[in-house]
Amino acid sequence: MSAQKNSLPTPLRPLTLALLLSVGTGTWAQNLAAPSGAGASPPSAPEDSASAQSPTSPPSNPENGPNGLRPIVVTGTRVPHDPMDVAASVSVIERNQIVDGQPRVDLTEDLNGIAGLQGLNRHNYAQDLQISSRGFGARSPFGTRSIKLYTDGIPATMADGQGQTSTFNLDQASRIEVLQGPMSAIYGNSAGGVIQLFTRDGSGPPTADASVEAGSFNTWKTDYDVLGSQSGVGYLVDSSHFHTDGYRPDSKANRDQQMAKFSLNPTDNGKLTFVFNADQQHDTQDPMGLSQSAFSSDPYGPVAAKQGPNTFYPDLAAAYGTRKDIIHSQGGMTYDQAFGADHLQMTLYTGNRHVTQFQSATASLASNAGVIDYARNFYGENVRWIAVRELGEKSTLTVTTGLDNDEFQDNRRGFTNFTTSVTSGALTCGVNATCGVFGNQKRQETDTAQSTDPYVQAEWAIDNWLLTGGLRYSRVSFNVNNSMSNGLTTAAATGPASGNLVFTHTTPMLSALYKINARTNYYISASQGFETPTMDEMFYSRSGPASVADRFNFNLKASTIQYYETGLKSMVNDNTNATFALYHILASNEAVVDVNVNGAAAYKNADTQRDGVEWNLDSQFTPTLKGMMSLTVMHAFYPNASTNTIGVGISSTNHIIPAGSQIPGVAEKTAYAELAWQPLSGAETAAEFTARDHMYVEDTNTQMAAPGYATFNWRFMLHQENDGWKFKEFARVDNLFNRVYAGSVIIGDAFGRYYETAPGRNTMLGASASYAF
């Protein structure tokens, strides 16, 4: 890492744009259809049709019907592979698992059955989901951190490593691929794992779909789409609206989502795809986390808090109008051109994102209440060449060389969250101050980040071996231009108001897979990845035991990650598939929460270690009974003592993190099971079970951990077809036994408001109809 005063490197956009205009860009492979249901029958032997398909060919059956072919993945290898033949923990979630009997509101609906992946739904739509892969990403107070996100091959993770799942259109998902392990490091900065969503391609006659669902807490959703193909152009247009009053006070949310996708074949063996996504959230309320006492006495109530010597708010979120507005839109084009067995693939995308968030105050209204407002423009281009060479009868070499360039620029402002005419004395919302509005401006910045990564990846298949190696060079740069360097900062704040940071790293990755027999594969892999702090993680500096300053933190370092994994993949019989993985991870200088003040989090560096074992099982027990199970046991901890500030109240002071303390926000043991039964054709009922161990909420592990819990869900689905019409109905009950538990936690909160209660028993009914003209 080095601090520099020079400008950012010149983007590669003109070169890539010229290539796009002359050749085009391409989407990733669409999968072959797979058996339906959570307990889908595993593959038996490689299909000849799989090798005949290009890395960007569409699915043979977009609906993933029960008699379809086995799934094919491209995540990690970048070329089509049976998941059994990938030297990594890779999972596929098929369309029927995503849409049948599901609300299709949050990505966490689909992730619980994957060992190692922890999807915690905050049910706080102002703070987004909390998704972690083997502990990476658990620290993120909002958005998705440490996991690379892609939708239709277009990055949903920004240049600094922070991602958003808002572009994941679950209504139109064809499949989701999840990659965990050392192989994910080849995706560069912040690749503790990779999640890719692929949407349906428009094909066949024009088809119109409509769906509606409604449930507890005045929650409802509508979705409308049309798809088909006309004159060689496939099209898909979708629009949805979601609303909920929320299960706690101040948790109302509204979200609108739109999508359009067009695909065509402008040349022989070439495929051009245009994808547009938009997402809007208006007045999405933030109910905030609860203290231990509030969580124990009134887990579904508001945050009540004393502020100053004489002010008490029975509902702190309502007093300050804590909420978030988001307007996000992006467009991209991809092209894949085949030259025999070789492929040229390119991607070009651009978009903008505007976020306004109103936060609550801390101990002093005048100095701490804040509004975050930023407008982001982002863009990028990716290009790769995939060369396949037959070296002999049982020897094939595949070499992928590529270049990824991603960049964004923020116009970031900060304001106080109140107005007042009082010049001295205590301020109280609704008495002598108007809160939840734009007040005095205290921050004005232009922030940019750019990531430029050339890479090479080679795969050699010889006899029963599959050997893979990769090398990626990453250069991630940050530039901060603060035009209000004085601002409302405290004397304790340190560091310059403006400046540059540049992080560079070369990431190696090696793996080997050996086919023991026709049903069992063994693999081993290793990598040395790296992860820079994100712009949001450097946005604040700690200014006291329980306070942060509006000054950029230039002291954070990049983390280096030593990642080792070994595992077995076995088709136990024609109807059962099992996987087993064992891993060891050492991270130096990982960014961890230093102090979190009402959502404004400052970070520091610390060394971490993760040791874990994972097991997955899918089985079709009988023609009408299927099931799946997964188990994760992971010990994630700090191997060395470190200094940190934790949230035990305003009087808290620096604490030493004892060596061996567990990383907060990560459950040591997690289990999932699902059993689905088809009593008759067109009907299915299923039970879902999730058990999760306790989660610590701060680094010293001295505060009450969020208790472990076990929950049951139930769903029932019907399906009918008649003369071009298709109808589906579903009913589901979540948290069937009304268990009270913390669904997620806010790590290191300075006021001890760690716990975000999950909803009690709640129901959802839904129906959809489609007609093919």
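Because the structure is predicted, anything quoted here is derived from the model rather than measured.

**Here's the deal with the overall build of the chain**
Argument step 1. Across its full length, the chain holds six helices and 41 strands.
Argument step 2. Each of the 773 residues in the chain was classed as buried or not, and the buried ones make up 62%.
Argument step 3. Nonlocal contacts in the chain, meaning residues at least 24 apart in sequence, comprise 69% of its contacts between residues at least 6 apart.
Argument step 4. Within the structure as shown, the chain displays about 27200 Å² of accessible surface, and the carbon and sulfur contribution to it stands at 58%.

**As for the packing of aromatic side chains**
Argument step 1. Scanning all chains against the criterion turns up 23 aromatic pairs.
Argument step 2. Ring centres 4.8 Å apart and planes at 70 degrees place the aromatic pair F539 and Y540 in the edge-to-face group. When sorted by exposure, F539 lands in the same class as Y540, which is buried.
Argument step 3. Their ring planes at 45 degrees and their centres at 4.9 Å tell us that F689 and F712 sit as a pair that is tilted. Residue F689 is located in strand β36 (residues 683-692), and its partner F712 is located in strand β37 (residues 709-722); the two are separated by 23 residues in the primary sequence.
Argument step 4. Residue class for F689 comes out partly exposed when judged on its relative accessible area of 25%.
Argument step 5. An aromatic cluster is built from W725, F727, Y771 and F773, whose rings are joined through pairwise contacts.
Argument step 6. When the ring centre of F539 is taken as reference, the NZ or CZ atom of R412 above it lies at 4.2 Å.
Argument step 7. The ring of F539 has R443 sitting right over it, with the charged end atom 3.7 Å from the ring centre.

**Considerations on the environment of N218**
Argument step 1. Along the polypeptide, N218 turns up in the loop between β10 (207-215) and β11 (219-230).
Argument step 2. Accessibility expressed as a relative area gives 42% for N218, which makes it partly exposed.
Argument step 3. Sequence separation between N218 and T244 is 26 residues, and the spatial gap between their C-alpha atoms is 5.5 Å.
Argument step 4. Within the structure, the side chain of N218 is placed 3.1 Å from the side chain of D245, a separation counted as a polar contact.

**Some points on the environment of L170**
Argument step 1. Examined against the element boundaries, L170 turns out to sit in the loop between β7 (162-163) and β8 (173-180).
Argument step 2. In this structure L170 comes out as buried when scored by relative accessible area, which is 3%.
Argument step 3. Each C-alpha atom, one on L170 and one on I98, is 7.0 Å from the other, the two residues being 72 residues apart in sequence.
Argument step 4. With residues near it in sequence (within four places) discarded, L170 still touches I98, V99, R104, V105, D106, L107, D110, I176 and L197.

**Concerning the sheet that holds strand β5 (residues 148-151)**
Argument step 1. If you walk across this open sheet you meet the five strands as β1-β8-β9-β5-β6, and the pairing is mixed. Of all the strands in the sheet, the pair left with one neighbour each is β1 (89-94) and β6 (154-155).
Argument step 2. Note that β5 and strand β9 (residues 193-199) share four bridges and pair parallel. In the sheet register, Y150 faces β9, and the bridge partner there is Q196.

**Looking at the pattern of salt bridges**
Argument step 1. Overall, the coordinates contain 36 salt bridges when judged by the stated rule.
Argument step 2. Notably, a salt bridge pairs R732 with E688, separated by 3.1 Å at the nearest N-O pair. Placement of the pair is R732 in strand β38 (residues 725-734) and E688 in strand β36, with a sequence separation of 44 residues. Residue R732 shares its accessibility class with E688, and that shared class is buried.
Argument step 3. For D734, the salt bridge identified is with R732, shortest N-O distance 2.7 Å.
Argument step 4. Taking the relative accessible area as the measure of exposure, D734 reaches 18% and is therefore buried.
Argument step 5. Residue class for R732 comes out buried when judged on its relative accessible area of 4%.
Argument step 6. The structure contains a network of salt bridges with shared partners spanning R139, R145, E531, E537, E590 and R610.

**Thoughts on unusual backbone geometry**
Leave glycine aside and you will find that most residues have negative phi; peptide bonds, for their part, are mostly trans.
Argument step 1. Non-glycine residue M288 carries a positive phi angle of around 70 degrees.
Argument step 2. Counting through the fold element by element, M288 comes out in the loop between β14 (270-285) and α4 (292-297).
Argument step 3. Residue M288 is classed as buried on the basis of its relative accessible area of 8%.
Argument step 4. Not every positive phi belongs to a glycine, and N701 is a case in point at roughly 65 degrees.
Argument step 5. Checked against the element boundaries, N701 lands in the loop between β36 and β37.

**Things to note about the nonpolar core**
Proteins that are soluble and globular tend to have nonpolar side chains buried together.
Argument step 1. Core analysis: the biggest nonpolar cluster contains 51 residues, and L316, Y320, F408, F478 and Y755 have the highest contact counts within it.
Argument step 2. Mapped by element, the contributors of at least two residues to this core are α4, α5 (316-320), β24 (465-482), β25 (499-515), β31 (600-622) and β39 (742-745).
Argument step 3. Not counting the four nearest positions on each side in its chain, F408 is found in contact with M158, A159, D160, R376, N377, F378, D447, T448, A449 and M535.
Argument step 4. Counting 19 residues, the second largest nonpolar core, distinct from the first, contains L111, I131, A156 and V178.

**Quick word on the confidence of the model for the chain**
Argument step 1. Counting all residues, the mean pLDDT for the chain is 85, and 86% of those residues have values of 70 or more.
Argument step 2. When the criterion is pLDDT under 50, residues 486-495 qualifies, and its contacts beyond four places in sequence or with other chains add up to 16 contacts.
Argument step 3. Low pLDDT, under 50, characterises residues 645-653; the predicted model gives this stretch 32 contacts beyond four residues in sequence or across chains.

**Focus: a nonpolar patch on the surface**
Argument step 1. Together, I516, Y522, I524, L568, F580, L582, W615, M629, L631 and V633 make up a nonpolar patch on the protein surface, roughly 810 Å² of accessible area in all.
Argument step 2. The set of elements that each furnish at least two residues to the nonpolar patch consists of β26 (520-531), β30 (576-597) and β32 (625-637).
Argument step 3. The element that contributes the greatest number of residues to the nonpolar patch is β32, accounting for three residues.

**Observations concerning the side chain of Q330**
Argument step 1. Mapping Q330 onto the fold places it in strand β17 (residues 323-339).
Argument step 2. Among the residues examined, Q330 registers a relative accessible area of 7% and is labelled buried.
Argument step 3. Of the polar contacts made by the side chain of Q330, one reaches the side chain of H328; its length is 3.0 Å.

**A closer look at the pairing of β31**
Working note: regular strand, side chains alternate between the two faces of the sheet.
Argument step 1. Note that β30 and β31 share 19 bridges and pair antiparallel. Residue pairing in the sheet places T576 in a bridge with S619 of β31.
Argument step 2. Between β30 and β31, which pair antiparallel and follow one another directly, the connecting turn spans two residues, one of which, N598, has a positive phi of 55 degrees.
Argument step 3. Here β31 runs beside β32; their pairing, made up of 13 bridges, is antiparallel.

**Brief notes about the environment of N762**
Argument step 1. Mapped onto the secondary structure, N762 falls in strand β41 (residues 762-772).
Argument step 2. For N762, a relative accessible area of 16% gives the class buried.
Argument step 3. Spatially, the C-alpha atom of N762 lies 8.5 Å from that of R732, the residues being 30 residues apart in sequence.
Argument step 4. Excluding residues that lie within four positions of it along the chain, N762 makes contacts with S216, F217, R732, V733 and D734.
Argument step 5. One polar contact links the side chain of N762 to the main-chain carbonyl oxygen of G760, over a distance of 2.9 Å.

**Examining the side chain of D201**
Argument step 1. Within the secondary structure, D201 sits in the loop between β9 and β10.
Argument step 2. A polar atom in the side chain of D201 sits 2.7 Å from the side chain of K271.

Cut-off values and rules
Residues numbered from 1 in each chain as written. Predicted model: local features only at pLDDT ≥ 70, side-chain atom pairs only at ≥ 80, totals over all residues. Heavy atoms only, no water. Helix = DSSP H or I, 4+ residues; strand = E, 2+ residues; numbered from the N terminus. Buried < 20%, exposed > 50% of the residue type's maximum accessible area, 1.4 Å probe, protein only. Contact = heavy atoms within 4.5 Å. Areas by Shrake-Rupley, 256 points an atom, 1.4 Å probe, with all protein chains shown as cover. Phe/Tyr/Trp six-rings, centres within 6.5 Å; stacked < 30°, edge-to-face > 60°. Lys NZ or Arg CZ within 6 Å of the ring centre and 35° of its normal. Polar contact = N/O pair within 3.5 Å; in protein donor to acceptor, adjacent residues only side chain to side chain. Pairing = 2+ DSSP bridges. Salt bridge = Lys/Arg side-chain N within 4 Å of Asp/Glu carboxyl O. Core = buried A, V, L, I, M, F, W, Y, C linked by side-chain atoms within 4.5 Å. pLDDT = per-residue confidence, 0-100. Patch = residues over 30% accessible without salt bridge, like charges linked within 9 Å, V, L, I, M, F, W, Y side chains within 5 Å.

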